[in-house]
Amino acid sequence: MAQAAAAALRVQAKRGEKEWPRPPKCRVITIANQKGGVGKTTSAVNLAAALAMHNCRVLVVDLDPQGNASTALGVEHHSDIPSVYHVILEGGSFDDIVVPAEGLPNLYCAPATLHLAGAEVDLVPMVARENRLRKALESYDTGNFDYVLIDCPPSLGLLTVNALTGADELLIPIQTEYYALEGLSQLLHTVDLVKQHLNPRLTVTTILLTMYDARTRLAAQVADEVRSHFGPLVLGTVIPRSVRVSEAPSYGESVLTYDPGSSGALAYTEAAREMAYRGAEEPK
């Protein structure tokens, strides 16, 4: 893994990449879309890896019971491992669960385990159930990080609401396929409710177009439609369909370390670069 990370850095160096600007304060970004298969986890892992490779310190909070982000970062997440469940449901601390990702010095992960599958039910009777993640993050020294990326399950349940309540920003991945915008109004309605009642700081700051197939007219049409709806929120970079992006998690890696010269790795690097420079432009 360390050799793969070094190879990835060499590829970026050949492309003339420099150290990216770091945000004036830690950016807590939730990555959510209740539609499954749009690239939430893939985007969380690869954006995090790209930022970490450019000297930003990044924490990925895996809030999906499937634990796919933990797998892709090479972090153990079997049932005996302390996880996000222990933080949200049992009042544990992030200090007890955050571990370094394999092979990337600036990248850390708060893993998920299957215990989270029962969290939706377990949270129901709890007081201030929507604020459990926010309070845990507030009591943790996030000042050691430049970015906290929260990967959500494909639903609008209590775990996702916790993620929206605990973040300042929302990144929405949207696939460039038919039905891409279906259900998005429900997500945006939930965001409005969270802003009104739980977290007035929450702002949709980034839309990322994923699974772009340049061979089809449909992909271009969907991309145009999304840009017409969301304007400057949409990153200029689109993430192409890529076999390498799909293969990388099975090796416990991001695509940036698995195949740093692939189209997917280069696209995620450029998307992360856009995010980094946008964040640097925000006033302190």
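This text goes with the structure placed above it.
Quick caveat: nothing in here was measured; it's all calculated off a predicted structure. (Residues numbered from 1 in each chain as written. Predicted model: local features only at pLDDT ≥ 70, side-chain atom pairs only at ≥ 80, totals over all residues. Heavy atoms only, no water.)

## Things to note about the sheet that holds strand β2 (residues 58–62)
So, step 1. Pairing is mixed across the open sheet formed by 8 strands, whose spatial order is β3-β4-β2-β5-β1-β6-β7-β8. If you trace the sheet from one side to the other, it starts and ends with β3 (99–100) and β8 (234–240), each paired once.
So, step 2. Along the sheet, helix α8 (residues 184–197) contacts β6 (169–175) and β7 (203–212); its crossing angle with β6, the most-contacted strand, is approximately 175°.
So, step 3. On top of the sheet, helix α9 (residues 217–230) reaches β6, β7 and β8; it is set at about 175° to β7, its chief contact. (Pairing = 2+ DSSP bridges. Helix = DSSP H or I, 4+ residues; strand = E, 2+ residues; numbered from the N terminus. Contact = heavy atoms within 4.5 Å. Axes fitted to C-alpha atoms, helices over the stretch in contact; angles between N-to-C directions.)

## Some words on the nonpolar core
So, step 1. L59, F94, I150 and I174 are the most contacted members of the largest nonpolar core, which has 50 residues in total.
So, step 2. Here this core takes 5 residues from helix α4 (residues 84–90), the largest share from any one element.
So, step 3. With sequence-adjacent residues up to four places away left out, L59 is seen in contact with V98, Y108, C109, A110, Y140, F145, Y147, V148 and L149.
So, step 4. Ranked by size, the runner-up nonpolar core spans 40 residues in total, among them A52, V58, L73 and V75. (Core = buried A, V, L, I, M, F, W, Y, C linked by side-chain atoms within 4.5 Å. Buried < 20%, exposed > 50% of the residue type's maximum accessible area, 1.4 Å probe, protein only.)

## Quick look at α8
So, step 1. Taking 1.5 Å of rise per residue, the 14 residues of α8 would be expected to cover 20 Å, and the 20 Å separating its terminal C-alpha atoms lies within 8% of that figure.
So, step 2. Looking only at α8, the buried set comprises L184, L187, T190, V191 and V194. For α8, the angular spread of the buried residues around the axis is 120°, confining them to a single face. Turned more than 90 degrees away from the buried face of α8 sit S185, Q196 and H197, all of them exposed.
So, step 3. Close packing links the buried residues of α8 with α7 (158–166), β6, β7 and α9. (Expected span 1.5 Å × (residues − 1). Arc of directions from axis to C-beta.)

## Structural notes on the packing of aromatic side chains
So, step 1. For the structure on display, the rule yields 5 aromatic pairs.
So, step 2. Here F94 and Y140 contribute two aromatic rings whose centre-to-centre distance is 5.6 Å and whose plane-to-plane angle is 45°, an arrangement assigned as tilted. Highlighted residues: F94 in the loop between α4 and β3 and Y140 in the loop between α6 (132–138) and β5 (147–151), separated in sequence by 46 residues. Each member of the pair F94 and Y140 is classed as buried.
So, step 3. Joined through ring pairs, the aromatic side chains of F94, Y108, Y140 and F145 make up one cluster.
So, step 4. When the ring centre of F145 is taken as reference, the NZ or CZ atom of R57 above it lies at 5.5 Å. (Phe/Tyr/Trp six-rings, centres within 6.5 Å; stacked < 30°, edge-to-face > 60°. Lys NZ or Arg CZ within 6 Å of the ring centre and 35° of its normal.)

## Side note on a nonpolar patch on the surface
So, step 1. On the surface, Y178, Y179 and L218 cluster together to form a nonpolar patch covering roughly 350 Å² of accessible area.
So, step 2. Counting through the fold element by element, L218 comes out in helix α9. (Patch = residues over 30% accessible without salt bridge, like charges linked within 9 Å, V, L, I, M, F, W, Y side chains within 5 Å. Areas by Shrake-Rupley, 256 points an atom, 1.4 Å probe, with all protein chains shown as cover. Salt bridge = Lys/Arg side-chain N within 4 Å of Asp/Glu carboxyl O.)

## Quick word on the pairing of β6
So, step 1. The element β6 is extensively covered by neighbouring structure, given that 7 of its 7 residues are classed as buried.
So, step 2. The alternating pattern of β6 places E169, L171, P173 and Q175 and L170, I172 and I174 on opposite faces, both of which are buried.
So, step 3. Sheet topology note: the strand β1 (residues 27–31)/β6 ladder contains 3 bridges and is parallel. Across the sheet, residue T30 finds its bridge partner in β6, namely L170.
So, step 4. Both β6 and β7 contribute to a ladder of 7 bridges, which runs parallel. When the bridges of β7 are listed, L171 appears paired with T206.
So, step 5. Crossover handedness for the path β6 to α8 to β7: right-handed. (Right-handed = clockwise from strand over helix to strand, strands pointing away.)

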